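Report on the structure
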Amino acid sequence: MRYDIAVVGLGYIGLPTASVFATRGKQVYGLDVSEHVVNTINRGEIHIVEPDLDVLVQAAVGSGHLKAGLKPVPADVFIVAVPTPFHKGKGRPIPDLGFVESASRSIAPVIENGALIILESTSPVGTTEAMREWILEERANLGLPPLEGAHYVHCPERILPGQMLRELVENDRICGGLSPEGAKRAHDLYRTFCVGEIHLTDARTAEMVKLTENASRDSQIAFANELSLVCDRANIDVWSVIELANHHPRVNILNPGPGVGGHCIAVDPWFLVDTAPDCSPLMQTARRVNDGKPNWVLQQVQKHAERFTRAKVACLGLAFKANVDDLRESPSLQIVEALADLDELDLFVCEPNIESLPDSLQRAHITAASAEDAISKADIVLLLVDHREFGDIDRELLHNRKIIDTRGLWR
Ligand code: SAJ
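Residues numbered from 1 in each chain as written. Predicted model: local features only at pLDDT ≥ 70, side-chain atom pairs only at ≥ 80, totals over all residues. Heavy atoms only, no water.

Looking at the overall build of the chain
- Of regular secondary structure, the chain possesses 14 helices and 15 strands.
- Relative to the globule expectation of 22 Å for 411 residues, the C-alpha radius of gyration of the chain, 23 Å, shows essentially globular dimensions.
- For the chain, with 411 residues in total, the buried portion stands at 51%.
- Relative to all contacts within the chain whose residues are 6 or more apart in sequence, the contacts with residues 24 or more apart total 71%.
- Summed over all atoms, the accessible surface of the chain reaches about 18,600 Å², with 51% contributed by carbon and sulfur.
- Within the chain, the 57 negative side-chain charges are centred at a point lying 2 Å from the centre of the 40 positive side-chain charges. (Helix = DSSP H or I, 4+ residues; strand = E, 2+ residues; numbered from the N terminus. Rg over C-alpha atoms; globule rule 2.2 N^0.38 Å. Buried < 20%, exposed > 50% of the residue type's maximum accessible area, 1.4 Å probe, protein only. Contact = heavy atoms within 4.5 Å. Areas by Shrake-Rupley, 256 points an atom, 1.4 Å probe, with all protein chains shown as cover. Lys, Arg positive; Asp, Glu negative; His and termini not counted. Charge placed at Lys NZ, Arg CZ, Asp CG, Glu CD.)

Here's what the structure looks like:
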């Protein structure tokens with residue numbers, strides 16, 4: 001079997017991308033390092049939660065257009081969609097490109113002349129060039145000739161968890177090539193399913209654009225979070241302030257919350273900062289403002305808990321945002337873990353999108369509960385995530401309880 005596309009990394013981005021290409025008639029090979037992931041997908045099942053992804057993967061595998069495996073195979077196009085985390089550096093987090101490097105080196109021996117190699121992972125500026133270097137270096141190490149006519153392009157994913165499949169098809173895309181011809185070829189490839197505009201540029205600009213989008217959102221959320229602290233000090237309702245200010249035609253303030261989580265907005269600004277740490281104090285401060293918010297929420301709970309001998313606290317929501325099951329970098333989980341560590345409260349925890357509480361919360365003074373049960377037992381109700389279910393709660397239940405509503409859901 002000759003594959004049109006090999007997708008390297010079958011996670012939150014790689015799997016939907018591989019499946020959507022496969023259901024549009026491309027022969028797709030999905031490469032992953034996890035045997036569990038490969039076996040699950042080859043059964044037509046999924047290992048991540050995303051609306052309608054199960055149906056898409058089943059169709060892609062069932063039609064014979066998507067196959068997963070552990071070994072690299074030749075293909076006309078390679079799409080790299082592996083994680084780009086950071087590690088703790090001195091003073092600030094530093095991008096960790098280990099997965100991009102190992103993915104690049106793993107496919108290097110099977111890439112043929114004329115191939116198109118696309119990096120989709122969100123990456124610091126210069127990573128597409130580094131990917132080309134890693135591939136060529138690995139081939140040289142193996143005694144293989146350099147590649148002729150191969151093209152390298154950065155096409156960042158920009159889809160929102162919870163509505164990935166719609167955004168994958170409808171969002172505009174950016175194709176930034178190390179060569180204009182590569183960008184044009186990537187454009188033609190994504191046209192297979194993308195109905196949004198596809199903009200062509202160079203790789204470094206594309207890398208910067210993606211980081212800019214998330215850093216800009218992070219800074220805007222930081223403004224809202226900082227404002228919430230100032231309003232609290234002045235005893236003014238921040239939600240009313242934002243609502244009224246947003247009536248101005250050129251003001252659009254985002255929502256404060258318990259902090260910023262997930263694997264994108266809480267991470268990507270550090271990649272941008274890495275390019276010029278001495279020129280980016282605003283973005284670094286925004287990160288720190290957002291990272292500081294969970295601690296402020298914790299202090300609010302402690303302040304109100306002092307009135308009780310051993311306060312009972314209902315903690316509503318653990319996910320990083322509304323209506324998803326993703327706990328990665330979740331400020332809500334961080335807050336509940338910190339409350340648990342105090343060892344002086346009884347916690348009743350409800351996260352409707354997961355089946356059991358994470359291991360870190362399997363402790364004697366923590367009980368998993370429905371929202372109604374948790375509230376009925378509590379002295380303090382801490383709303384951490386604006387999940388649909390919590391919006392529907394009978395407000396009568398909340399009477400006579402101290403409410404800490406970090407999302408302004410019950411205003
Ligand atoms: N949040 C607030 N207040 C707000 C908006 C969000 O506190 O007004 C919090 C959320 O609760 C969450 C975090 O910010 O903890 C991030 O949530 P999000 O919905 O803003 O974004 P993500 O991380 O789910 O997805 C983002 C998106 N980027 C932008 O909107 C610029 C998405 O389009 C990207 O594809 C994704 O990052 C990514 O993969 O980079």
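Structure shown, so let's carry the discussion forward.
Focus on the domain arrangement of the chain
- Looking at the assigned domains, one finds that the chain contains domain 1 (3-196) and domain 2 (214-405).
- In this structure, domain 1 and domain 2 have C-alpha centres spaced 33 Å apart.
- If you look at the interface, domain 1 gives 16 residues, while domain 2 gives 17 residues.
- Each partner contributes to the roughly 1,400 Å² buried at the junction of domain 1 and domain 2, and carbon and sulfur atoms together form 62% of this total.
- Of all residues in domain 1, the largest losses of buried area upon contact with domain 2 belong to Tyr12, Phe86 and Arg92, amounting jointly to 35% of the total for that side.
- At the boundary of domain 1 with domain 2, the tally comes to one salt bridge.
- One salt bridge connects Asp274 with Arg92, and the closest N-O pair in it is separated by 3.1 Å.
- Applying the counting rule to domain 1 against domain 2 returns two residue pairs in polar contact (both at pLDDT 80 or more).
- Counted by class, the side of domain 1 that touches domain 2 contains 11 nonpolar, four polar and one charged residues. (Domains from an automatic or database assignment. Buried area = accessible area lost by both parts, 1.4 Å probe. Salt bridge = Lys/Arg side-chain N within 4 Å of Asp/Glu carboxyl O. Polar contact = N/O pair within 3.5 Å; in protein donor to acceptor, adjacent residues only side chain to side chain. Nonpolar A, V, L, I, M, F, W, Y, C, P; charged D, E, K, R; others polar.)

Considering the nonpolar core
- Grouped together as the largest cluster of nonpolar side chains are 40 residues, with contacts concentrated most on Ile41, Ile79, Ile118 and Tyr190.
- Leaving out residues up to four positions away in the same chain, Ile118 has contacts with Val77, Phe78, Ile79, Val80, Met131, Val153, Cys155, Ala186, Leu189 and Tyr190.
- With 25 residues, the next largest nonpolar core counts Val80, Ile107, Ala150 and Tyr152 among its residues. (Core = buried A, V, L, I, M, F, W, Y, C linked by side-chain atoms within 4.5 Å.)

Comments concerning helix α3 (residues 53-62)
- Within the sequence span of α3, burial applies to Leu53, Leu56, Val57, Ala60 and Val61. The arc that holds every buried residue of α3, seen down its axis, measures 120°, which confines them to one face. The exposed set on the far side of α3, more than 90 degrees from its buried face, consists of Val55, Gln58 and Gly62. (Arc of directions from axis to C-beta.)

Thoughts on the site of the ligand
- Surrounding the ligand, one finds 21 residues, the nearest of these being Glu157, Lys210, Arg217, Asn255 and Phe320.
- One nitrogen or oxygen atom from the main chain of Gly261 is found 2.9 Å from an oxygen atom belonging to the ligand.
- Coverage of the ligand by the protein chains reaches 88% of its 770 Å² of free accessible surface.
- For the shell around the ligand, the element with the most residues is helix α8 (residues 203-233), which contributes five residues.
- Mapped onto the domain boundaries, the shell around the ligand takes at least three residues apiece from domain 1 (3-196) and domain 2 (214-405). (Near = heavy atom within 4 Å.)

A few points about the sheet that holds strand β10 (residues 198-202)
- Here eight strands make up an open sheet; going across it, the order is β3-β2-β1-β4-β7-β8-β9-β10 and the pairing mixed. Strand pairing shows two members of the sheet lacking a second neighbour, β3 (66-69) and β10, which therefore form its edges. With direction set aside, neighbouring strand axes in the sheet form an average angle of 25°.
- Where strand β7 (residues 116-119) and strand β8 (residues 151-154) come together, four bridges link them in parallel fashion. Residue pairing in the sheet places Leu119 in a bridge with His154 of β8. (Pairing = 2+ DSSP bridges. Axes fitted to C-alpha atoms, helices over the stretch in contact; angles between N-to-C directions.)

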